[in-house]
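Descriptive analysis of the structure
Given next are the chains, with one letter for each unit.
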Amino acid sequence: MNPYLGDVVATLDDDKKVGAQRLSDYLAKEHPNEFVEAAKSSGVAVCGVLDKTEGAALFTDAGLKDEQWNTIMRHLRHKFDSKIAVSLKQVKGKCRDGEDIQEQIRKTKRPRGSYKKEEK
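One structure accompanies this document, and this report is about it. (Residues numbered from 1 in each chain as written. Predicted model: local features only at pLDDT ≥ 70, side-chain atom pairs only at ≥ 80, totals over all residues. Heavy atoms only, no water.)

**Quick look at a nonpolar patch on the surface**
There is a patch of nonpolar side chains on the surface, built from L5, V8 and L12 and spanning about 200 Å² of accessible area. Within the fold, L12 resides in helix α1 (residues 4-12). (Patch = residues over 30% accessible without salt bridge, like charges linked within 9 Å, V, L, I, M, F, W, Y side chains within 5 Å. Areas by Shrake-Rupley, 256 points an atom, 1.4 Å probe, with all protein chains shown as cover. Salt bridge = Lys/Arg side-chain N within 4 Å of Asp/Glu carboxyl O. Helix = DSSP H or I, 4+ residues; strand = E, 2+ residues; numbered from the N terminus.)

Here's what the structure looks like:
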């Protein structure tokens, strides 16, 4: 670990917890992919936010009604104290695009946090 990072945290605030929070906030906003990868490698469970394709796949696969989606997202936001997915409006817009959501998922990378093993 870089010994200067401790000095950086200390200069951000007299309280090292506040300095660390400020540095983490900055990295999460300015370098989100690197922040998530670093968190994962250190053992912190971070996976990002479901984009509209991933959200639409969840919405259609589970056969959710609007209120069920909203209830699930509300509980997840409360538990993780964070945004979990794009809005229901964006998800439904993606569902209405007329494209096969599952085919799009297969063409792109595996969904974040997927429990399924990669096919070879």
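**A closer look at the nonpolar core**
Within the largest apolar cluster, 11 residues are counted, these being L50, A56, F59, L64, W69, M73, I84, A85, V86, L88 and V91. For this core, the secondary-structure elements that each account for two or more residues are α4 (52-61), α5 (66-80) and α6 (88-96). (Core = buried A, V, L, I, M, F, W, Y, C linked by side-chain atoms within 4.5 Å. Buried < 20%, exposed > 50% of the residue type's maximum accessible area, 1.4 Å probe, protein only.)

**Some details on α6**
The complete set of buried residues in α6 reads L88, V91 and K94. What you see down the axis of α6 is that its buried residues fit within an arc of 125 degrees, all on one side. Counted as exposed and oriented over 90 degrees from the buried face of α6: K89 and R96. (Arc of directions from axis to C-beta.)

**Quick notes on the pattern of salt bridges**
Side chains that carry opposite charge are capable of pairing whenever their charged atoms lie near each other. Following the criterion strictly, the structure yields 1 salt bridge and no others. With its nearest N and O atoms 3.0 Å apart, the salt bridge here joins K92 to D66. Here K92 is found in helix α6, whereas its partner D66 is found in helix α5, with 26 residues between them in sequence. Note on D66: relative accessible area 34%, which makes it partly exposed.

**Notes on the packing of α5 against α6**
Contact geometry of α5 with α6 gives a least axis separation of 11 Å together with a crossing angle of 135 degrees. Classed by the angle they form, the pair α5 and α6 counts as oblique. Judged by the twist between their axes, the crossing of α5 over α6 is right-handed. Every residue of α6 that contacts α5 at D66, W69 and N70 is listed here: L88, V91 and K92. The residue inventory of the contact of α5 with α6, partitioned by class, reads 3 nonpolar, 1 polar and 2 charged. (Axes fitted to C-alpha atoms, helices over the stretch in contact; angles between N-to-C directions. Parallel < 35°, antiparallel > 145°, perpendicular 65-115°, else oblique. Left-handed = near helix turned anticlockwise from the far one by under 90°. Contact = heavy atoms within 4.5 Å. Nonpolar A, V, L, I, M, F, W, Y, C, P; charged D, E, K, R; others polar.)

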